Amino acid sequence: MIIYLDGEFVPKERAVVSVFDHGLLYGDGVFEGIRAYRNRVFKLDDHIDRLYDSAKSLAMEIPIAKAEMKEVVLETCRRNGLRDAYIRLVVTRGVGDLGLDPRKCPRPTIFCVAASIQLYPEEFYEKGLDVITVSTRRNLAVACNPRVKSLNYLNNIYARIEANLAGVPEAIILNADGYVAEATGDNIFIIKKGVLSTPPTYIGALEGVTRNAVMELAAQRGIPVVEKVFTLHDVYIADECFLTGTAAEVIPTVKVDGRLIGDGRPGEMTRELIAAFRELTKVDGPVIFPEELSSCGCGCGK
Ligand code: PMP
């Protein structure tokens, strides 16, 4: 495995960061989880934009331009011979002293890892997930804004521990006011009477790249889409529910806190959006190995 680290491509064994790196000492940094499908890096521009927005919010200047960062992602895939991958791109505040002052960190650390993907079993997409709501509330936007994809993931990890203890693969997190925010690593959608709703990100959710792609796909299909504040009651009485995320893609949720959603099977609209999303992954994003691009442009190898 070859890793990009601060301007170099190095073998995994040499891809190490300092114990004085503030990403490690304080969770001071930003990251992206990105997917490559069939020779294309899906929604790469959106991920790079969010990375730079997150850094800006933390008053952190990324020392390379966006175009170069995109090339880092593509080249990391190339060096590892990967056409389908889960990519982790990380920018930390960099090496400083033991104090938390970011001014002591002259240069951010940048690394990019491209690995093969660990997928949810296909069964989860066919049968849907059984999830719970956890007692951990989402971080307050005025304290540690969930819209910033920072290395500070303890809030999500607390929630994930609760999900693990309950034996479920994902969990719903409410914000401090009790409104549905998102899942531990995914956004949430509900469908009621043909209308697709997801919470606005200001209530405490990441502006997911998959979320935005699904909203666009729904709109293109004439499905009404709204960003709306809602409660668990709305989830329990929804006709359909699903989660979205780079790793999970679009995944039906059929049981929440013991209540069946709809008839307890993935709904029609959810299935339509899963299919549409899978189609989109075949054609979206810059190509990793252009020489392999097929005449139809989909990376199918024909
Ligand atoms: N919410 C949280 C807290 C996440 O960590 C993620 C995954 N990065 C998402 C939502 C989904 O975002 P995306 O679709 O960009 O992966």
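What counts, and where the lines are drawn
Every chain begins its residue count from 1, and numbering advances along the sequence as written. At least 70 in pLDDT is required for a residue's local features to be given in this predicted model, at least 80 for side-chain atom pairs to be given and counted, and no such filter applies to totals for whole chains, interfaces and linings, which use all residues. Values shown for side chains rest on all heavy atoms present in the structure; no hydrogens or waters enter the calculation. The way it works is that DSSP assigns letters per residue, a run of H or I at least four long becomes a helix, a run of E at least two long becomes a strand, and they are numbered from the N terminus. Using C-alpha atoms as the atom set, the radius of gyration is obtained and then compared with a globule rule of 2.2 Å times the number of residues to the power 0.38. Exposure categories follow from relative accessible area, calculated using a 1.4 Å probe and restricted to protein chains: below 20% of the type maximum is buried, above 50% is exposed, and the middle band is partly exposed. Pairs of residues are marked as contacts when any of their non-hydrogen atoms sit within 4.5 Å. Positive charge is attributed to Lys and Arg, negative charge to Asp and Glu, and no charge count is given to His or to the chain ends. Note that the charge is assigned to NZ on lysines, CZ on arginines, CG on aspartates and CD on glutamates. To get an axis, fit a line to the C-alpha atoms, keeping to the stretch in contact for a helix; angles then go from 0 to 180 degrees between the N-to-C directions. Roughly parallel here means an angle under 35 degrees, roughly antiparallel means over 145, roughly perpendicular means 65 to 115, and every remaining angle is called oblique. Helix crossings fall into two classes, left-handed where the near helix is turned counterclockwise from the far one by less than a right angle and right-handed where it is turned clockwise. Each residue gets one of three labels, nonpolar for Ala, Val, Leu, Ile, Met, Phe, Trp, Tyr, Cys and Pro, charged for Asp, Glu, Lys and Arg, and polar for the others, Gly among them. Boundaries between domains were set according to an automatic or database domain assignment. Simply put, the buried area is the total loss of 1.4 Å probe accessible area from both parts when two parts are fitted together. Here, a salt bridge means any Lys or Arg side-chain nitrogen found within 4 Å of an Asp or Glu carboxyl oxygen. For this analysis, a polar contact is any N or O atom pair within 3.5 Å, provided that within protein one partner can donate a hydrogen and the other can accept it, and provided that sequence-adjacent residues contribute only side-chain to side-chain pairs.

With that settled, the discussion passes to the overall build of the protein chain. The helix and strand inventory of the protein chain stands at 8 helices and 15 strands. Over its C-alpha atoms the protein chain spans a radius of gyration of 20 Å, differing by no more than 12% from the 19 Å that the globule rule assigns to 302 residues. Each principal axis of the C-alpha distribution contributes one length, and for the protein chain these read about 55 × 55 × 30 Å. Among the 302 residues that make up the protein chain, the fraction classed as buried is 50%. In the protein chain, of all internal contacts separated by at least 6 residues, the share reaching a separation of at least 24 is 70%. Side chains of the protein chain give 36 positive and 41 negative charges; the mean places of these two sets differ by 1 Å.

We now examine the packing of helix α6 (residues 209-220) against helix α8 (residues 268-283). Look at α6 against α8: their axes get within 10 Å of each other, and the N-to-C directions meet at 110°. Classified by the angle between their axes, α6 and α8 sit roughly perpendicular to one another. When you trace α6 past α8, the crossing you get is right-handed. In this structure, α6 uses Thr210, Ala213, Val214, Leu217 and Ala218 to contact α8, whose residues at the interface are Leu273, Ala276, Phe277 and Leu280. Considering only residue class, the contact of α6 with α8 consists of 8 nonpolar, 1 polar and no charged.

Let us now look at unusual backbone geometry. The residue Asp6 is not glycine, and still its phi comes out positive at about 45°. Position of Asp6 relative to the elements: it lies in the loop between β1 (2-5) and β2 (8-11). Since its relative accessible area comes to 40%, Asp6 is described here as partly exposed. One non-glycine residue, Asn39, lies in the positive phi region at around 75°. Here Asn39 lies in the loop between β3 (29-37) and β4 (40-41). Judged by relative accessible area, Asn39 falls into the buried class, the value being 3%.

Quick look at the environment of Val287 now. Within the element layout of this structure, Val287 appears in the segment after α8. In this structure Val287 comes out as buried when scored by relative accessible area, which is 16%. In this structure the C-alpha to C-alpha distance between Val287 and Ala36, which are 251 residues apart in sequence, comes to 9.3 Å. For Val287, the contacting residues outside a window of four places in its chain are Asn39, Arg40, Leu74, Arg78 and Leu293.

This part takes up the domain arrangement of the protein chain. Domain boundaries in the protein chain define domain 1 (2-115) and domain 2 (122-280). Each of domain 1 and domain 2 has a C-alpha centre, and these two points are 26 Å apart. At the junction of the two partners, domain 1 supplies 23 residues and domain 2 supplies 17 residues. Both faces combined, the contact of domain 1 with domain 2 buries some 1600 Å², and carbon together with sulfur accounts for 64% of it. Summed over the three residues of domain 1 that lose the most area to domain 2, namely Phe31, Phe42 and Arg50, the buried surface amounts to 37% of that side. Here domain 1 is connected to domain 2 by 1 salt bridge. The salt bridge partner of Arg35 is Glu249, with a shortest N-O separation of 3.3 Å. Counting across the interface, domain 1 meets domain 2 through 10 residue pairs in polar contact (both at pLDDT 80 or more). When contributions to the side of domain 1 that touches domain 2 are tallied by element, the ones reaching two or more residues are α1 (22-26), β3, α2 (44-57) and β5 (85-92). For the side of domain 1 that touches domain 2, the leading source of residues is β3, giving 8 residues.

Let's shift gears to the packing of α2 against helix α3 (residues 66-79). Viewed as axis vectors pointing N to C, α2 and α3 meet at an angle of 125°, and their least axial separation amounts to 10 Å. Considering the angle they form, α2 stands oblique to α3. At the point where α2 passes α3, the crossing takes the right-handed sense. The segment α2 lies against α3, with Leu44, Asp45, Ile48, Asp49, Leu51 and Tyr52 engaging Lys66, Met69, Lys70, Val73 and Leu74. Split by residue class, the contact of α2 with α3 holds 7 nonpolar, no polar and 4 charged.

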